[in-house]
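Each chain is listed here by its residues.
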Amino acid sequence: MAEYSAITRLSRQIGVSFRGDRNARFTTNDEKRIITINSGPQSAKFTSNNISTSKYSLLTFLPKFLFEQFRKYSNIFFLCIVIFQQIPGVSPTGRYTTAVPLSFILCCAALKEIIEDVKRHIQDDAVNRRKVLIYREGSLLLTAWKKVKVGDIVKVNDKEYFPADLVLISSGEPNSICYIQTSNLDGETNLKVRQGLPQTAHIKSRIELKNLQGTIECELPNRNLYEFAGTLQINSVAYPIPLGADQVLLRGSRLQNTTWIYGVVIYSGHDTKLMLNSSSVPLKRTNVEQVTNKQILLLLLLLIILCVFSTIAGEIWSDKNKEKHWYLGLNLIEDGKRWQSIGYTFLTFFILFNNLIPISLQITVDLVKFIQAYFINWDRDMYDPETDTPANARTSNLNEELGQVKYIFSDKTGTLTKNEMIFKQCSIGGIMYGSGNISEFNGYELLKNLHEHSTCNEIREFLTLLATCHTVVPENKVYTELPTDVAYQASSPDEYALVTAMKQLDVVFFSRTPDTVTINFFGEKEEYQILNVLEFTSDRKRMSVIIRTPRNEIKLYCKGADNVIMERLVPNDQNMQLTSNHLESFANDGLRTLCLGYRILSDEEYNEWLVKYREASTAINNRNELVAQIAEKIERDLILLGATGIEDKLQDQVPQSLIMLQRAGIKIWVLTGDKKETAVNIGYSCKILSDQMLNLTLDEKNRDDTQRQLRQHCQNFGDSLCKENLASLVIDGHTLKYALHASCRQDFLDLAMSCKTVICCRVSPKQKAEVVELVKKSTDAITLAIGDGANDVGMIQMAHVGVGIMGHEGVQAACASDYTIGQFRFLTKLLFVHGVWSYRRLCKVLLYSFYKNICLYVMELWFALHSGFSGQILFERWTIAIYNVLFTAAPPLALGLLDRCCSAQTMMDSPAIYRMSQNRSDFNIKIFWTWCLNAVYHSVILYFMSYAMLRHDVAFRNGQVGTSLLLGNMIYTYVVIVVCLKAGLESDSWTLLMHIAIWGSIASWFIFFSIYSYVWPTFPVAAEMRGMAQYVFSSSYFWFGLILIPITTLLADFVYNCIQRTYFKTLMQDVQEKEIAHHDPSALVTGRQPSSVSRVSERLAILKNVFVRTRTSRTVGVDDRRYHGFAFSQEENGVVPQDQLIRNYDTNIAKPPGL
C-alpha cells in the first residue's frame, strides 16, 4: 500500500507538470511562505488554482491504467500465455489466439475508463471555470477561478464561494466583519463570524486598494482547518500585524449575509486546506472481484496440477510406446534435451488448458457494469426536478457493491436536512398555536387572541421577546421605508426563522443601532434600549437580553432549552404543566423547541447586578466562569411565556427512507460536525432514534474515562454484544478521539456494532474517514458513505461505495464520489433496485462465464486420454479463440443486463428482500465451486457420450470413418447448445431479448460453421476445416446426438431446479411466485421475520434492566429521559462576542458598495 501511495503521488506530480502547471511551488524557505501584495510577480512560484479530482491525466493514464488492469490476476495470467505462445513449436493453438483477444479486451477497458474519467474532468472544469472578481492594475476583472494566483486580491460578493484560501482585508460590514457558511467544511449549520484587521478595515474601494502594499508571511500549507499563523506587514504600519484563523476565509466556505469582502489569496489549488484534507481518487475493488481473484488463483493452481499430471502422463505413455509406435520419432529425442522436451510439453499443456480461466471474463463484466451504470443514469425515478439533477454513476466498477451494503455513514447538513429552519408551532399562555402537519405557521388564532383574549398580554410579551432577544441584524434598505421590505442577516438559522416568522405576523424587527433595536408592532414603531446581552453557550443553553422598554421598564427576556428555563421559573407557574405537554407534542413532531420567559427588574436590582457584572466581565482570570455565575443570579424567577417549535426541514421522505434502510438490515451511522443537541434532534426527526430504544451517550473528558465507560457498556451488553439490538449510541468528537485510540478502539467498535444507530457529532473530516476506515477494516461488511459537502470527501473516498448529493454546498463531494444523486431518498432505489439487480446479474455473469469455459476446455483433458497426452487439440484453433467472442457472448450479456429477479416496485415495497444479496447468498466460494463441478459433470457427459457414438469410427452409411476433428465439431456444437440452454435455466425472466440471445447464439454457430468450412483457400486459414460442415451435417449420428446429448446433460439440472423450487424455495422464489399470481408479497416477506423481531425485543427489555441496575453516581451515558432538541445554533467563542457583534451595527447608515 505504501508503494502504491508513492506511485499515486508521483503520478499526480507528473500529471500536474504535464498540464502546464508552471506555477508549481518551489519555495526556497522551508519554514514559511512569503507573499507580496500589489508588488508585481511573487518571488517564489506557487501551486496554481486549477484543481483536479480525476483519476488520470494524459501522461499518467497509461501507467495507472495498466497498473490497475494487471492487478487482476486473470490479465497477468493471459499476458504470460501470450509470451509462451511466441516460443516456436510450443503452442498448439497458434501464436496470436490469445494476444488478439487480450489486446481487444484491454482496449475496451481503456475506452470505458476514458469515458468515465472524462466525466470527472468535465465536473472539475465546471469548478475551475467559475468566475470571481480579481483586482489587477487598478480595476476589477471577472476571471475564472483557475487563473487566480497567490497574492491576488479578490472581491467576493454575497452568497459566493471563496475561490481559494484568503486573508480578509475588509468587508462591506462595520469593522470588517463578515459572515461565512462553513457547513461545506465542518457540517455546522450556524454562520461563523470573521473580522479583518483594524489596519485594513478602511479599504472600501479600488482606489484605496491601489495604495495597499505589503507582505504576508505565513505557515506552509497544512491540513489544519481551525489553525493559522501569519503576519501582515504593510507600508503604512511600522510593525508586523499578527494574523490568525479569525482572518482566514477557506475555500469551500461561502460568504453569507455580507455584501462583499476583499481578500488576499494565500493558498491556492491543491495547497488549500480543503484540498489537503482530500485524498487522491482511490482505486476501489469490489468484494466480488476480490473473491473472484482468489478463485482464479485456485484455478491457476488446479491448471498447473493438470499440466503436471498431463506432462507426467505424456512422458509415461511415450516411454511405453516409443518402440511400438516408432514412426512417431519418440525414440529420437536426445538424452541431453530430455528435460527441455518435458518443459516444452508442460508449456504446451499450459497453453492448451489456459482457457479454463475465461479470457473474455473481464470485458464481459466491464461491459455489463458499464451498461448497468447507464440504467442508473436513465432512471427517471431518481431525477430531482428541484435541482435538475439526474442520478449519475461516475464509475461503473462498484455497481454490485450497492446490493451488499451493511453500513451507511451519512452526513447530516445538506444530506438528511435542507439546512432550512421553519417556524411551525408555538405555545403561549398554555394555548397551542399552529400545526405540525401544515408547511407554514398559521397565525390567525394567535392574532385573534392578541386583541380579545385573556392571554393577550402574554402574547404581546411573547412576540416582543422574539423580535428583540436575538443577534440578528436587519439589512439596511436605502430606497424604501416599508418595514416589510427588510431582510435579515443571522449567524443562527434558528433565530432567522423566528425573526422572519415575527415579520410575517406584522411584528417586524426593523432597525438596529449599537444601543437600540426598533420594531414595528402592527404599524406602531417601538424602540427598545439594549442594556446587556447574556450570550448563548452550549453549557448555558440559553440567551438573555436586558432591555429598557418605551415605557421605561427594565425587562429580562430569556429563551433557551426547556430544562434550563423550567428550573428558573417562579414557583408554581400556572402554565408550566400545559407548556410541558405542548413540548411533548412538539418533540413528537420532531421539532426543535425553545422555552421563553421574562421578568421585570427594578432599577435598584438592575444597578446592583450591573456593578457585579462589570466586575466579572473585566476580570483577568476565569472571566467566562464569573460572567456565567453573575448571569445565574439575574436569570431566575422567570415568568413562563410559552414555547416555540421550529422544524429543521428534512430532505423529502428522509424518515421513510431511513426506516426502509433499517428494515433492509442496514445500520445507520450519522457523522456530523454539528452540535450534539442538533444532531440528536435530527435523529429523532428522522425516526432513527426513539424513546423506545436503549439510548447511550458517550461524552467523556479523557481517555481513561472513555475506556472505563466503553468497557462498562460492553459488559452490560453481555451475550448481546455485537448482535442486533434496539440501541443507539451518541458520541461527540472529543470523546471519539479517545475512542479511536488503540486501547479503546476494539471496545468502541464492539459497542457500536451492538447498536442499531450511531451518531457521531462535532467530528472533523479526518475523524469521519477514520470511523469509516475502522468499520471497513474491522468487519467483512460493505460500507457506504453519503454526503454533500467538502467535509464528507474523506469518508466518501474511504468507504467501499461513496455517494455524493448534488446539493447547495458545492460539488466537492459529488466530484469525489462514485455515484451522485439529487436527494437522500433516491438512495433506497439505488440500493434496493439497481444494487440488488446489479449484484445478482453480475454474480450470474461471473459464474456462467467460468461454467461455459470449463465445460468446453476441460474436453482437452478427456481427449488427452485418447491422444496419448500428446497435446493435440480437439477443436480447430480459431473456433477455440472465438468461442467466447461470438457463440457464447450474448447469453452472459443477456443475464447481466436483462435478468430480473423481482419488479422494482416489489423490491421497494419489501426492503427485507435486500438481506439476501446483503448476505452474499448468490456468490461465494461454495457456489463458485459448485458451478465449476457442474461444468466438469456436463463436460464428462458431452465428451464421453459423443465419443461413445463414434467409438467404432464408422459415422456414415457408406462406411466412411470419422476423424478427431469430426468428433471435435460435434462436441463443439453440443457444448454451444448446452451452455446457451443453461443460461435459460438460470434466468429469472424469459424476455424476448433473452430468447434472441439464447437461440441466436446457437444459430450463429451453425451459420458460422457453414461459412467457415469453405473460406479456404480463398483465405489462408482453416485448411483442415474445408468441407467439414457438410461432413458433419450428413452424419445421422450428429443429429441423433443433437437431441439426446444436450437433454441428457441438462436433465440433472432441470430435476434439481424442480425439486428445489417445490420443496426448498428461497424468499426470492416465493416473492416471484406471488408476483406472477399478482398477489401482494409484503405479508410473505414480513412472515419470514417474526422470530428475529421477537428476539431483538426480548434483548431490549433485558438490556434496559441491566443498564438501569448497574447505573451508579459515577456511571453516565444512559439517557432514559424524554429528549427535546432545543432550537439554538450559534457560534461560540467567536472572533467577535455576540454582545459586541450587534453593537457594531447601525443599520441607519448605508453600507459602502466596495467599488
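Residues numbered from 1 in each chain as written. Predicted model: local features only at pLDDT ≥ 70, side-chain atom pairs only at ≥ 80, totals over all residues. Heavy atoms only, no water.

(A) Layout of the overall build of the chain. In terms of regular secondary structure, the chain is built from 41 helices and 33 strands. Split into buried and exposed, the 1155 residues of the chain put 59% on the buried side. For the chain, long-range pairs separated by at least 24 residues make up 75% of all intrachain contacts whose partners lie at least 6 apart in sequence. Entry remark: accessible area of the chain is about 47,600 Å², with carbon and sulfur atoms responsible for 57%. (Helix = DSSP H or I, 4+ residues; strand = E, 2+ residues; numbered from the N terminus. Buried < 20%, exposed > 50% of the residue type's maximum accessible area, 1.4 Å probe, protein only. Contact = heavy atoms within 4.5 Å. Areas by Shrake-Rupley, 256 points an atom, 1.4 Å probe, with all protein chains shown as cover.)

(B) Inspection of unusual backbone geometry at higher detail. Unusually for a residue other than glycine, Asn 622 sits at a positive phi of about 55°. Checked against the element boundaries, Asn 622 lands in the loop between α16 (603–617) and α17 (623–634). Within the chain, Phe 869 stands out as a residue other than glycine whose phi angle is a positive 50°. Tracing the sequence through the fold places Phe 869 in the loop between α27 (859–866) and α28 (877–881).

(C) Structural detail: the nonpolar core. With 99 residues, the main nonpolar core has Phe 353, Met 859 and Phe 923 as its most contacted residues. In terms of residue count, helix α34 (residues 964–986) provides more of this core than any other element does, 14 residues in total. For Met 859, the contacting residues outside a window of four places in its chain are Leu 874, Phe 875, Ser 939, Leu 942, Tyr 943, Ile 971 and Val 975. Met 660, Leu 661, Ile 688 and Cys 761 belong to the second largest nonpolar core, which has 57 residues in total. (Core = buried A, V, L, I, M, F, W, Y, C linked by side-chain atoms within 4.5 Å.)

(D) Looking closely at the pairing of strand β21 (residues 516–521). With respect to burial, β21 is a largely interior element, 6 of its 6 residues being buried. Both faces of β21 are covered, namely the face carrying Thr 516, Thr 518 and Asn 520 and the face carrying Val 517, Ile 519 and Phe 521. For strand β20 (residues 507–512) and β21, the ladder comprises 5 bridges, and the chain directions are antiparallel. Bridge assignment links Arg 512 to a residue of β21, and that residue is Val 517. Hairpin connection of β20 to β21: 3 residues between the antiparallel strands. (Pairing = 2+ DSSP bridges.)

(E) Structural detail: the sheet that holds strand β28 (residues 694–698). Pairing within the open sheet is mixed, and its 9 strands lie in the order β14-β33-β32-β31-β15-β27-β30-β29-β28. Each end of this open sheet is capped by a strand with a single partner; those strands are β14 (392–393) and β28. Packing of helix α20 (residues 703–717) onto the sheet brings it into contact with β28 and β29 (727–732), and relative to β28 it is tilted by some 160°. (Axes fitted to C-alpha atoms, helices over the stretch in contact; angles between N-to-C directions.)

(F) Examining the packing of helix α26 (residues 826–857) against helix α30 (residues 890–898) more closely. Between α26 and α30, whose axes approach to 8 Å, the crossing angle comes to 165°. As judged from the angle between their axes, α26 and α30 are roughly antiparallel. In the packing of α26 onto α30, the handedness of the crossing is right-handed. Residues Arg 841, Lys 844, Val 845, Tyr 848 and Lys 852 of α26 form the contact with α30, whose own contacting residues are Pro 891, Pro 892, Leu 895, Gly 896, Leu 897 and Leu 898. In terms of residue class, the contact of α26 with α30 is built from 7 nonpolar, 1 polar and 3 charged. (Parallel < 35°, antiparallel > 145°, perpendicular 65-115°, else oblique. Left-handed = near helix turned anticlockwise from the far one by under 90°. Nonpolar A, V, L, I, M, F, W, Y, C, P; charged D, E, K, R; others polar.)

(G) Inspection of the environment of Thr 345 at higher detail. Looking at where Thr 345 falls in the secondary structure, it is placed in helix α9 (residues 338–353). For Thr 345, a relative accessible area of 19% translates into the label buried. Counting along the chain gives 30 residues from Thr 345 to Glu 315, while the straight-line C-alpha distance between them is 9.0 Å. With sequence-adjacent residues up to four places away left out, Thr 345 is seen in contact with Thr 311 and Glu 315.

(H) Highlighting the side chain of Gln 707. On the secondary structure map, Gln 707 appears in helix α20. With a relative accessible area of 16%, Gln 707 lands in the buried category. If near-sequence neighbours (up to four positions away) are discounted, Gln 707 is found in contact with Ser 743 and Cys 744.

(I) Structural context of the confidence of the model for the chain. Averaged over every residue, the pLDDT of the chain is 84; the share at 70 or more is 88%. Here residues 1111–1116 is modelled with pLDDT under 50, and outside its nearest four sequence neighbours on either side it reaches 9 contacts, counting other chains as well. (pLDDT = per-residue confidence, 0-100.)

(J) Local environment of the environment of Thr 311. Structurally, Thr 311 is set in helix α8 (residues 287–321). Judged by its relative accessible area of 5%, Thr 311 falls in the buried class. Distance from Thr 311 to Phe 349, taken between C-alpha atoms, is 7.4 Å for residues 38 residues apart in sequence. At 2.6 Å, the side chain of Thr 311 and the backbone oxygen of Cys 307 are in polar contact. (Polar contact = N/O pair within 3.5 Å; in protein donor to acceptor, adjacent residues only side chain to side chain.)

(K) Structural detail: a nonpolar patch on the surface. On the surface, Leu 1051, Phe 1054, Val 1055, Ile 1059, Tyr 1063 and Phe 1064 cluster together into a nonpolar patch covering about 660 Å² of accessible area. Within the element layout of this structure, Ile 1059 appears in helix α37 (residues 1036–1063). By relative accessible area, Ile 1059 is classed as partly exposed at 41%. (Patch = residues over 30% accessible without salt bridge, like charges linked within 9 Å, V, L, I, M, F, W, Y side chains within 5 Å. Salt bridge = Lys/Arg side-chain N within 4 Å of Asp/Glu carboxyl O.)

(L) Representation of the sheet that holds strand β7 (residues 192–195). The strand order β7-β6-β12 describes an open sheet built from 3 strands, whose pairing is antiparallel. With one partner strand each, in any of the chains shown, β7 and β12 (254–256) form the two edges of the open sheet. Put simply, the sheet's adjacent strands are angled 45° from each other on average, direction ignored. Where strand β6 (residues 177–181) lies against β12, 3 bridges are found, and the strand directions are antiparallel. Note on β12: the bridge partner recorded for Ile 180 is Leu 255.

(M) Expanded view of helix α13 (residues 493–504). In this model, α13 (12 residues) spans 17 Å end to end at C-alpha, consistent with the 16 Å of a helix rising 1.5 Å per residue. Among all positions in α13, only Pro 493, Asp 494, Glu 495, Ala 497, Leu 498, Val 499, Thr 500, Ala 501, Met 502 and Lys 503 are buried. (Expected span 1.5 Å × (residues − 1).)

(N) How the structure looks around empty space enclosed by the protein. Following the criterion strictly, the structure yields 11 cavities of 30 Å³ or more and no others. In this structure, the largest cavity encloses a volume near 280 Å³. Lining the largest cavity we find 25 residues, and of these Lys 72, Glu 289, Gln 362, Asp 366 and Lys 369 sit closest to its centre. Residues belonging to the lining of the largest cavity are distributed by class as follows: 7 nonpolar, 7 polar and 11 charged. (1 Å grid on protein atoms, 1.4 Å probe; cavity = no way out; pocket = protein on both sides within 12 Å on 5 of 7 lines; lining within 4 Å. Points joined across faces, edges and corners; volume = space filled by probe spheres on them.)

(O) Layout of the side chain of Asn 934. By secondary structure assignment, the location of Asn 934 is in helix α33 (residues 925–949). Here the side chain of Asn 934 touches Asp 1053 through a polar contact of 3.0 Å, side chain to side chain. Ignoring sequence-local partners within four residues, the contact set of Asn 934 consists of Tyr 851, Lys 982 and Asp 1053.

(P) Looking closely at the environment of His 470. Mapped onto the elements of the fold, His 470 is located in the loop between α12 (456–468) and β18 (473–475). Each C-alpha atom, one on His 470 and one on Gln 1138, is 9.4 Å from the other, the two residues being 668 residues apart in sequence. In contact with His 470, not counting residues within four places along its chain, are Glu 495, Val 499, Phe 509, Arg 512, Met 543 and Lys 559.

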